[in-house]
Every structure is written in C-alpha cells, then in structure tokens.
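Coordinates in review
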Amino acid sequence: MTEIFYDADADLSLIQSKKVAIVGYGSQGHAHALNLRDSGVEVVVALKEGSTSIQKAEEAGFEVKSVADAADWADVIVILAPDQHQRGIFADSIKDHLAEGKTLLFSHGFNIRFGYIDAPEGVDVVMVAPKGPGHTVRREYEAGRGVPVIVAVEKDASGHAWDTAWSYAKAIGGLRAGGIKTTFTEETETDLFGEQAVLCGGVSQLVQYGFETLTEAGYQPQIAYFEVLHELKLIVDLMWEGGIAKQRWSVSDTAEYGDYVSGPRVIDAHVKENMQAVLADIQSGAFAEKFIADQDAGAPEFLELRAKGAAHPIEATGKELRALFAWKQQDADYTEGSAAR
C-alpha cells in the first residue's frame, strides 16, 4: 500500500538550517523560491548574466548570484532550468563547486535518469516534484493549501537525504496535500509518457482531429470549437473531482451511452499498442536522445512543429471566440501568439 507523507512527517527546521540556491526563475523556480522564503528558508536565485529573469527575481526581493557563486555558497542547489539546458549549466557552473555534504535537488528526473548529469561522490541527489505547474504551486501555498509532490532519492551520501527531501517538500507546501515516494526512473518515465500519450500529445491530437472532422463535414468552426475544446475543461474538471465515474454520472444518459459505445471505436486497441511503443522509446532513452540532439542543433524540428501547431485553424477560431466572451480568460505569464517561455 502506498504510504502518504504529510507535514507532521517532516522536520521543517532541517531545510531552514541550510542555504538554498534556486537555479532558474521560471514557472517552478519562482514558486519554489517564494514558498521557501515564506517558510523561513534562506534563499538566493542563481541566473546567468543577462538573463531576463534577473529583474523579476530582484523585484521580488531576492539576491541574485551567478550560478557558480550560488553553487559555491549553497548547501542545497535546486536545478530548475529547462531539461535541455541543465547538463550544460551543471558542467559549466555547478560541478566544480560541489563539495561533500551538499545536496543537488531536481523537480524532474530527466537528466539523472538518462545520464546527462552525474553527481560526484559525497553529494546527495534528491527530487521533489510537485504535480502541477509552478504558478499553481505558488497560488495553492498562498491559499494555505498545497500541490501534491512525489519525492525520490538517487544518492544518499549523507545518510540524511530523505530527511532533507521531505523537509524541502514541506517548505514548498507539498506535504499539506501529501507526498509519495518514487524513484528518478519511475518519475521520469511516467511523466514523459503521461505528457506525450495523454495529457499533452494525446489530448491535443484528439482535439485537433475532432475539430477537423466536424469542419470538413461542413459544420461551423465556432460550433466545432465549443464541442471539442471549450467543453473539455468541464469534463476534465469532473474527472479531477471524482474520477471517470463522476464524469459519467454527471453527463446526460445520451452522452454516457455514447461514451461506452463510441469511445472504443475512436480509441481502440491500436492506440494502446501505439502508447506501448511510445513508452518503449522513453524507457530505452530513444526519445531523450532525439530531443537533446534536436535541441543541440538549435531545435529545428521543435520550432517547426511549434509553428505548425500554432497555425492549426482551431487556434484562430479559439482566439476569435475567446475575445467575445463576457468574461476574460487571462494569464499574465502567457502571451497568446508568442513563443516566449
């Protein structure tokens, strides 16, 4: 049976006694830094010279150091830069500043699982991965709640790595909701699979195909948008609240019957076979190699696919419709039509 860890199971004073450097000030970085500080932890933000995030971090009241200086200063170095940049940052600015007793902390196991980062002996390697985007991690913390976390230890050089990891998880608010033990391998492989096969790749492709099917049959694109994209949030919210069963209980009998008889016609056994192939590529490292090779080459395939997705007709239809809503769906951290990250 899975054991759930809560606030009472962790000692906050452990992370409060350490100096913590947050490498990166993006979605997760800003949330971890702010939550840690509000939990009484000494925090600096580590950024490369010229980073556009320096001003944001300083305006939030953080001291900003170079990555090398921060790694030299800190007891716990939290690497929250994008996956494709972590190994370069580690090699150039962190590795030579690691000493026995320090801790490397990640929120995703990609670079450890696939061997792009190898910590020296005497250094703890742990992971605290919130199961939600950084802005949610921060918002839930401020509301007195938290986002669930999964926690792993790859190297326990000190003999106290688990204690440090749970203390950190408590400080960012994760143990208010609950924490589960995992491994770097399990977190990485299931996370990549979930993103590619269901949450991002699977859902996006399903929505696009649904939109294309309706519009090619002559239906108005605005009506198609409502039916295959807009209402998706209602269905997902019901699933989130009470599982697939609550979603089926909440919709009409017509919708529920259609779920049973037509769902397997669209998502048939071949889809599961394709999912198994996706998982195999993740487990073998083939996906990681392809992603990193493309990034190292300047991301030509990535950028081409991003542009192709942005040009899909459903995006123009959605932008037009959302502008007409009586309410405004806004996110200050997202500029529609922009590739900014």
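Residues numbered from 1 in each chain as written. Predicted model: local features only at pLDDT ≥ 70, side-chain atom pairs only at ≥ 80, totals over all residues. Heavy atoms only, no water.

The protein appears in an unreviewed UniProt entry as Ketol-acid reductoisomerase (NADP(+)) from Microbacterium rhizomatis. The heading Sequence similarities (unreviewed entry) in the UniProt record of the protein holds the text "Belongs to the ketol-acid reductoisomerase family." (UniProt positions renumbered as here; feature names shortened; annotations may be inferred.)

Another aspect to go through is the domain arrangement of the protein. Annotation of the protein at the domain level lists domain 1 (4-182) and domain 2 (199-267 + 298-324). Taking the mean C-alpha position of each, domain 1 and domain 2 sit 35 Å from one another. (Domains from an automatic or database assignment.)

Across the interface, helix 11 (residues 201-216) lies against helix 12 (residues 221-230) with an axial gap of 9 Å and an inter-helix angle of 145°. Crossing of helix 11 over helix 12 shows right-handed handedness. The residues of helix 12 that touch helix 11, namely those facing V207, G210, F211, L214 and T215, are P221, A224, Y225, V228 and L229. (Axes fitted to C-alpha atoms, helices over the stretch in contact; angles between N-to-C directions. Helix = DSSP H or I, 4+ residues; strand = E, 2+ residues; numbered from the N terminus. Left-handed = near helix turned anticlockwise from the far one by under 90°. Contact = heavy atoms within 4.5 Å.)

Further remarks concern unusual backbone geometry. Backbone geometry places A299, a non-glycine residue, at a positive phi of 60°. Tracing the backbone shows A299 in the loop between helix 16 (286-296) and helix 17 (300-310). A residue is classified by how much of its surface remains accessible, and A299, at 7% relative accessible area, is buried. (Buried < 20%, exposed > 50% of the residue type's maximum accessible area, 1.4 Å probe, protein only.)

In this section: the layout of surface pockets. Size it by volume and the second largest pocket reaches roughly 280 Å³. Lining the second largest pocket we find K131, G132, P133, T136, E140, V147, P148 and W240. Looking at the lining of the second largest pocket residue by residue, the classes come out as 4 nonpolar, 2 polar and 2 charged. (1 Å grid on protein atoms, 1.4 Å probe; cavity = no way out; pocket = protein on both sides within 12 Å on 5 of 7 lines; lining within 4 Å. Points joined across faces, edges and corners; volume = space filled by probe spheres on them. Nonpolar A, V, L, I, M, F, W, Y, C, P; charged D, E, K, R; others polar.)

Scanning the model with the defined rule gives 12 salt bridges in all. One salt bridge connects R138 with E142, and the closest N-O pair in it is separated by 3.5 Å. On the criterion of helical spacing, the pair formed by R138 and E142 is a turn pair, its members being 4 residues apart in helix 7 (residues 134-142). Residue classification places E142 among the exposed positions, given a relative accessible area of 56%. The residue R145 makes a salt bridge to E140 at a minimum N-O spacing of 2.9 Å. Note on R145: relative accessible area 45%, which makes it partly exposed. Bridged by salt links that share partners, the residues D38, R138 and E142 form one connected network. (Salt bridge = Lys/Arg side-chain N within 4 Å of Asp/Glu carboxyl O.)

Glancing now at the pairing of strand 5 (residues 76-79). Alternating positions in strand 5 separate into two faces, V76 and V78 on one and I77 and I79 on the other, with burial throughout. Across 4 bridges, strand 2 (residues 19-23) lies against strand 5 in parallel orientation. Within the sheet, the bridge partner assigned to V23 lies in strand 5 and is I79. Handedness of the crossover joining strand 5 and strand 6 (residues 103-106) through helix 5 (residues 83-94): right-handed. (Pairing = 2+ DSSP bridges. Right-handed = clockwise from strand over helix to strand, strands pointing away.)

Relative to the 27 Å expected for 19 residues at 1.5 Å per residue, helix 13 (residues 232-250) spans just 14 Å between its end C-alpha atoms, considerably shorter than the ideal helical length. Maximum bend of helix 13: about 125°, positioned at G242. (Expected span 1.5 Å × (residues − 1). Bend = angle between axes of the 7 residues up to and from the residue.)

A separate point is the sheet that holds strand 8 (residues 149-155). Across the sheet, 9 strands lie side by side as 1-9-8-7-6-5-2-3-4; this open sheet has mixed pairing. Single-partner strands in this sheet number two, and they are strand 1 (4-5) and strand 4 (64-65). Relative to strand 6, strand 5 runs parallel, the two sharing 4 bridges. Looking at strand 6, one finds that I79 is bridged to F106. Where helix 8 (residues 161-171) meets the sheet, its contacts fall on strand 1, strand 2, strand 5, strand 6, strand 7 (124-130), strand 8 and strand 9 (179-181), and the angle it forms with strand 8 comes to roughly 155°.

A few words now on a nonpolar patch on the surface. Together, V198, L199, V203, L232 and V236 give the surface a local cluster of nonpolar side chains, amounting to about 380 Å² of exposed area. Of all the secondary-structure elements, those providing two or more residues to the nonpolar patch are helix 10 (184-199) and helix 13. Given a relative accessible area of 38%, V198 falls into the partly exposed group. (Patch = residues over 30% accessible without salt bridge, like charges linked within 9 Å, V, L, I, M, F, W, Y side chains within 5 Å. Areas by Shrake-Rupley, 256 points an atom, 1.4 Å probe, with all protein chains shown as cover.)

Attention shifts here to helix 8. Burial runs high along helix 8: 8 of the 11 residues are buried. Immediately beyond the C-terminal end of helix 8, within one or two residues, lies G173, with a positive phi of roughly 95°.

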